[in-house]
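# Report on the structure
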Amino acid sequence: MTGRARTVVVLACAAVVLLTAWYAGSRFPDPAPQPAPGSVRLGPEPGEDVAAYRGRLPVELPPPGVEALALVQFAAELPGTAAVPVLAGTQPVTAVLRVPLPRVQTALRFEQLDPGAPVPAALDAARLRARQSAAADAQRQTGRAGEVAAAEARVLADPGAPSLLAVVVRAERAGLDAVAARPGVRAVHAAPAGVTPRELAVAPLLPEQVERADPLPDDGAVPS
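To keep things clear, this report deals only with the structure shown in the data block. Owing to the predicted nature of the structure, the values given are computational and were not obtained by experimental measurement. (Residues numbered from 1 in each chain as written. Predicted model: local features only at pLDDT ≥ 70, side-chain atom pairs only at ≥ 80, totals over all residues. Heavy atoms only, no water.)

### Some thoughts on unusual backbone geometry
Condition: We count a stretch as a helix when DSSP gives it H or I for four or more residues in a row; a strand needs E for two or more, and each element gets its number in order from the N terminus.
Of note, Arg103 is a non-glycine position whose phi angle comes to about 55°, a positive value. Summarising the element assignment, Arg103 is placed in the loop between strand S3 (91–97) and strand S4 (109–112).

Listed below in structure tokens is the structure:
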């Protein structure tokens with residue numbers, strides 16, 4: 001094969017490779033980039049003024065007839081049974097549980113809710129999973145952290161104990177307005193329409209955060 005013929009063959013092969021790559025790219029385009037997990041915050045910013053935070057929430061609600069995820073934040077932790085009527089008209093998605101102990105920092109425990117289960121049963125199952133998580137933390141951790149987790153597990157074992165701090169729900173504007181007006185609800189913070197649960201970063205307002213969303217003291221005695 002002459003040099004000229006060899007050059008023609010190489011160029012032809014390169015053309016085939018380029019055409020194959022173009023065809024594959026046009027037929028199987030790159031998937032659209034997925035939103036980053038935790039890119040949409042629900043809850044006050046660290047150190048945010050509480051009154052200012054609550055004041056900005058109404059304008060963030062979706063338009064009438066539009067469904068969105070929203071964080072329903074209670075004025076104080078509730079037993080699961082007490083939260084059921086408060087959440088009427090919404091689809092609960094995620095429970096946020098926290099054991100309130102005076103001047104003791106306790107964990108926020110996030111539990112996904114079974115969409116096929118009745119709300120009372122779904123919330124109670126979330127409480128039991130949170131208790132198991134706290135008990136596992138108590139076994140794994142030592143010192144004050146282990147003592148706090150053990151105290152959390154004891155409280156979470158009681159279905160009547162107040163431990164439900166907030167719930168992420170899915171609802172239209174009318175449902176969110178109704179929830180926001182019910183006794184015991186401190187704030188309803190809606191995400192933009194179309195946001196999925198994996199995109200949320202949830203940080204509820206704590207009952208003890210009255211003026212600013214600052215860290216709470218952690219110098220109290222742990223109940224034995």
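### Here's the deal with the nonpolar core
What counts is decided by this rule: As used here, the term nonpolar core means buried Ala, Val, Leu, Ile, Met, Phe, Trp, Tyr and Cys residues forming a set that is joined through side-chain atoms within 4.5 Å. Remark: exposure states derive from per-residue accessible area (1.4 Å probe, protein chains only) relative to the maximum for the residue type, with buried under 20%, exposed over 50%, and partly exposed in between. Only heavy atoms enter the contact rule, under which two residues are in contact if any of them lie within 4.5 Å.
Formed by 33 residues in total, the largest nonpolar core has its most connected members in Val72, Phe74, Leu164, Leu176 and Val188. Ranked by residue count, the leading element in this core is helix H4 (residues 119–140), at five residues. Once residues lying within four places of it in the same chain are set aside, the contact partners of Phe74 are Ala83, Val86, Leu87, Leu164, Leu165, Ala166, Val167, Gly184, Val185 and Arg186.

### Considerations on the sheet that holds strand S5 (residues 164–172)
Let me state the cut-off plainly: For two strands to be treated as a pair, DSSP must find at least two bridges joining them. The axes are straight lines fitted to the C-alpha atoms, using for helices just the contacting stretch, and the angles between their N-to-C directions are given from 0 to 180°.
Read from one edge to the other, the open sheet built from five strands follows the order S4-S3-S5-S2-S6, with strand pairing classed as antiparallel. Each edge of the sheet is formed by a strand with only one pairing partner; in this case those strands are S4 and strand S6 (185–190). The mean inter-strand angle of the sheet, taken between neighbouring strand axes irrespective of direction, is 25°. Alignment of strand S2 (residues 67–78) against S5, held across eight bridges, turns out to be antiparallel. Along S5, the bridge assignment pairs Leu71 with Val168. Seen against the sheet, H4 touches S3, S4 and S5 and runs at an angle of roughly 135° to S4.

### Examining the pairing of S2
With respect to burial, S2 is a largely interior element, nine of its 12 residues being buried. Where S2 lies against S6, five bridges are found, and the strand directions are antiparallel. Bridge pairing links Val72 to Val188 in S6.

### With respect to the layout of surface pockets
As a reminder, the rule being used: Of the two site types, the cavity is a set of points on a 1 Å grid over the protein atoms alone where a 1.4 Å probe fits but cannot get out, and the pocket is an open set with protein on both sides within 12 Å along at least five of seven lines, each lined by residues with an atom within 4 Å of a point. Grid points are joined across faces, edges and corners, and a volume is the space filled by probe spheres set on the points. Under the convention adopted here, Pro, Cys and the residues Ala, Val, Leu, Ile, Met, Phe, Trp and Tyr are nonpolar, Asp, Glu, Lys and Arg are charged, and Gly plus all remaining residues are polar.
In this structure, the largest pocket encloses a volume near 290 Å³. Of the residues assigned to the lining of the largest pocket, the class counts are 10 nonpolar, three polar and four charged.

### Some points on the environment of Ala213
Relative to the helices and strands, Ala213 is located in the segment after strand S7 (200–202). Judged by its relative accessible area of 9%, Ala213 is buried. Separated by 164 residues in the primary sequence, Ala213 and Asp49 have C-alpha atoms spaced 6.6 Å apart. Leaving out residues up to four positions away in the same chain, Ala213 has contacts with Pro44, Glu45, Pro46, Gly47, Glu48 and Val50.

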